[in-house]
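Examination of the molecular architecture
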Amino acid sequence: MTAYTPLARRSLLAGALATAGLALAPRAHAGGAAPFGRYGSPSGRLTARTLYVDPLGRGDHTTVQAAVDAASGTGHVLVLAPALYRETVTVPETRTGLTLIGAGEDPRATVIVYGNAAGTPKPDGSGTYGTSGSATTTVRAADFTAHRVTFANDWLRADHPGTTATQAVAIKVMGDRSAFRHCRFLGHQDTLYSDTLSLPVFARHHFSHCYAEGDVDFVFGRGTSVFEHCRFHALDRDVDFTPKGMYFAPSTARANPHGFLAVRCRFTSGAQDGAYKLARPWVPSSDPTARPSLVVRESVIGPGTDATAPYTDMASGHPWQDQRFAEYANTGPGARVPVPGNRPQLTREEARRHTRAAYLGDWNPHP
């Protein structure tokens, strides 16, 4: 199909960005950086450093990865036409300040999806992908932003009964100051991987009005991540035992004062009451001194969460009681405290130390 003329493409971009509160600028910013408004700079205007992605050939590129590769330098905006993009995407460290915007009003309209698992053999015969290699989207660059995009991994255990390494990551984000707004993260085990580029680095991630679903440890990693007004949905896993899984599995470095923080979120489930644990600590072999941290506050926890014993262990020698798990002012049937020792509660004074500002420091994701 013939690509749009520059004038037609400009019209498409303007329409696609209208619901994001952005406008196109007539020329590139004098300093070479793209002013993103609430996506990174105060102007609220986009520039010629904007690329339109459309698998039907009506834009600048037909795949997301091709657009990422073309966005050399910093501060590019990729506007994705509503479509299903079956591909893996990697944003290298050199692509700082990259923004992905789904052109549809609903993130369900713009989906980046693939189907690798940790146990999937690599085509070149060099082994399997491993957990990190299974990721559909990998973000290594700092100052990354995504708005109204679905990141998914559609690998299914039922289709691969001989595979035992069933971790299948939808997105692995490692860059500092990465922000996701009105995005969706779909998978089963290990859906959303919040990580850092190296152990001494405390990468900060912010998620607002997002949706994440899965069954086992589907939000995990050592990143410093704040979730605000998000929904976490546990799937009804077809197994005859409980717990069927866990929402969180943080692996926070011991030196990091902050791990995962969920504020004013919702926890729902398609499984029977009490089938899921809120979290378990992940102490990986790469960091045996990790001290996982999770605080859930002012959130609504549905009946799918085991209120009597919401936390459990992942491996012997690292009991959840030795980690940094706490709650504050939660409501809902899954937030009951029938056994106080099984779910630590913060005092009002302690809760003041667990806020977005405390976790993100000098980074304000909503300038």
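Now for a quick tour of the structure. All values reported here derive from a predicted model rather than from experimental measurement.

To continue, consider the packing of aromatic side chains. The geometry of an aromatic ring pair is captured by the separation of the ring centres together with the interplanar angle, meaning the angle of the planes. Following the criterion strictly, the structure yields 22 aromatic pairs and no others. Arranged with centres 5.7 Å apart and planes meeting at 50 degrees, the rings of Phe220 and Trp282 form a pair that is tilted. Of this pair, Phe220 sits in strand β18 (residues 219-221) while Trp282 sits in the loop between β24 (276-279) and β25 (293-297); the two residues are 62 residues apart in sequence, bridging distant segments of the chain. Between Tyr311 and Trp320, the aromatic rings sit 5.1 Å apart at their centres with planes inclined by 35 degrees, giving tilted as the arrangement. Given a relative accessible area of 4%, Tyr311 falls into the buried group.

Moving on: the sheet that holds strand β16 (residues 204-208). With parallel pairing, the 10 strands of this open sheet are ordered in space as β3-β4-β7-β10-β13-β16-β19-β22-β25-β27. A single partner strand is all that each edge strand has here, and the edge strands are β3 (50-53) and β27 (324-328). In this sheet, adjacent strand axes meet at a mean angle of 10 degrees when their direction is disregarded. Summarising the sheet, strand β19 (residues 224-228) and strand β22 (residues 260-263) pair through 4 bridges and their orientation is parallel. Across the sheet, Glu228 pairs through a bridge with Val263, a residue of β22.

What follows covers the nonpolar core. Phe151, Phe180, Phe185, Phe227, Phe232, Phe248 and Phe267 are the most contacted members of the largest nonpolar core, which totals 60 residues. For this core, the element with the most residues is strand β4 (residues 77-80), which contributes 4 residues. The residues contacting Phe151, other than those within four sequence positions of it, are Leu100, Ile112, Thr137, Ala146, Ala170, Ile171, Phe180, Cys183, Arg184, Phe185 and Leu186. Counting 12 residues, the second largest nonpolar core, distinct from the first, contains Ala179, Leu261, Val295 and Tyr328.

Alternating residues of strand β11 (residues 150-153) divide into Thr150 and Ala152 and Phe151 and Asn153, and every residue in both groups is buried. Pairing analysis gives 4 bridges linking strand β8 (residues 110-114) to β11, with the strands arranged parallel. Bridging from a neighbouring strand, Val113 pairs with Ala152 of β11. Note that β11 and strand β14 (residues 184-186) share 3 bridges and pair parallel. Along β14, the bridge assignment pairs Thr150 with Arg184.

This part is about the pattern of salt bridges. Counted by the stated rule, this structure contains 19 salt bridges. Ionic pairing is found between Arg108 and Asp106, a salt bridge with its closest N-O pair at 3.2 Å. The salt bridge partner of Asp176 is Arg177, with a shortest N-O separation of 3.1 Å. Judged by relative accessible area, which is 27%, Arg177 ranks as partly exposed.

With parallel pairing, the 7 strands of this open sheet are ordered in space as β6-β9-β12-β15-β18-β21-β24. The two strands at the open ends of the sheet, each matched to only one other strand, are β6 (89-91) and β24. On average, each strand axis in the sheet is inclined to that of its neighbour by 15 degrees, with strand direction left out of account.

Bringing the state of the cysteines into the picture now. Going through the model one piece at a time under the given rule, you end up with 0 disulfides. Of all cysteine sulfurs in the structure, the one in Cys230 sits closest to Cys265, which takes part in no disulfide; the separation is 4.8 Å. The buried category is assigned to Cys265, whose relative accessible area is 2%.

Quick look at the pairing of β16 now. Most of β16 is tucked away, with 5 of its 5 residues classed as buried. Burial along β16 is two-sided: Arg204, His206 and Ser208 facing one way and His205 and Phe207 facing the other are all buried. As defined by bridge partners, strand β13 (residues 178-181) adjoins β16 across 4 bridges and the pair is classed as parallel. Across the sheet, residue Phe180 finds its bridge partner in β16, namely Phe207.

The topology assignment puts Arg343 in the loop between β27 and α4 (348-351). Relative accessible area serves as the criterion here: at 1%, Arg343 is assigned to the buried category. A distance of 2.9 Å separates the side chain of Arg343 from the side chain of Glu327, its partner in a polar contact. Reaching out from Arg343, the side chain makes a polar contact with the backbone oxygen of Arg336 at a distance of 2.7 Å. Once you skip the residues sitting within four places of it in the chain, Arg343 turns out to touch Ile301, Ala307, Pro310, Tyr311, Trp320, Glu327, Gly334, Ala335, Arg336 and Val337.

Our next topic: unusual backbone geometry. In this chain, Thr242 is followed by Pro243 through a cis amide linkage whose omega measures 0 degrees. Considering the arrangement of structural elements, one finds Pro243 in the loop between β20 (231-234) and β21 (245-250). Unlike most non-glycine residues, Asp217 shows phi in positive territory, near 50 degrees. In this fold, Asp217 is placed in the loop between β17 (211-214) and β18. Of the residues examined, Asp217 reaches a relative accessible area of 5% and is grouped as buried.

Rules of the game
- Residues numbered from 1 in each chain as written.
- Predicted model: local features only at pLDDT ≥ 70, side-chain atom pairs only at ≥ 80, totals over all residues.
- Heavy atoms only, no water.
- Phe/Tyr/Trp six-rings, centres within 6.5 Å; stacked < 30°, edge-to-face > 60°.
- Helix = DSSP H or I, 4+ residues; strand = E, 2+ residues; numbered from the N terminus.
- Buried < 20%, exposed > 50% of the residue type's maximum accessible area, 1.4 Å probe, protein only.
- Pairing = 2+ DSSP bridges.
- Axes fitted to C-alpha atoms, helices over the stretch in contact; angles between N-to-C directions.
- Core = buried A, V, L, I, M, F, W, Y, C linked by side-chain atoms within 4.5 Å.
- Contact = heavy atoms within 4.5 Å.
- Salt bridge = Lys/Arg side-chain N within 4 Å of Asp/Glu carboxyl O.
- Disulfide = S-S within 2.5 Å.
- Polar contact = N/O pair within 3.5 Å; in protein donor to acceptor, adjacent residues only side chain to side chain.

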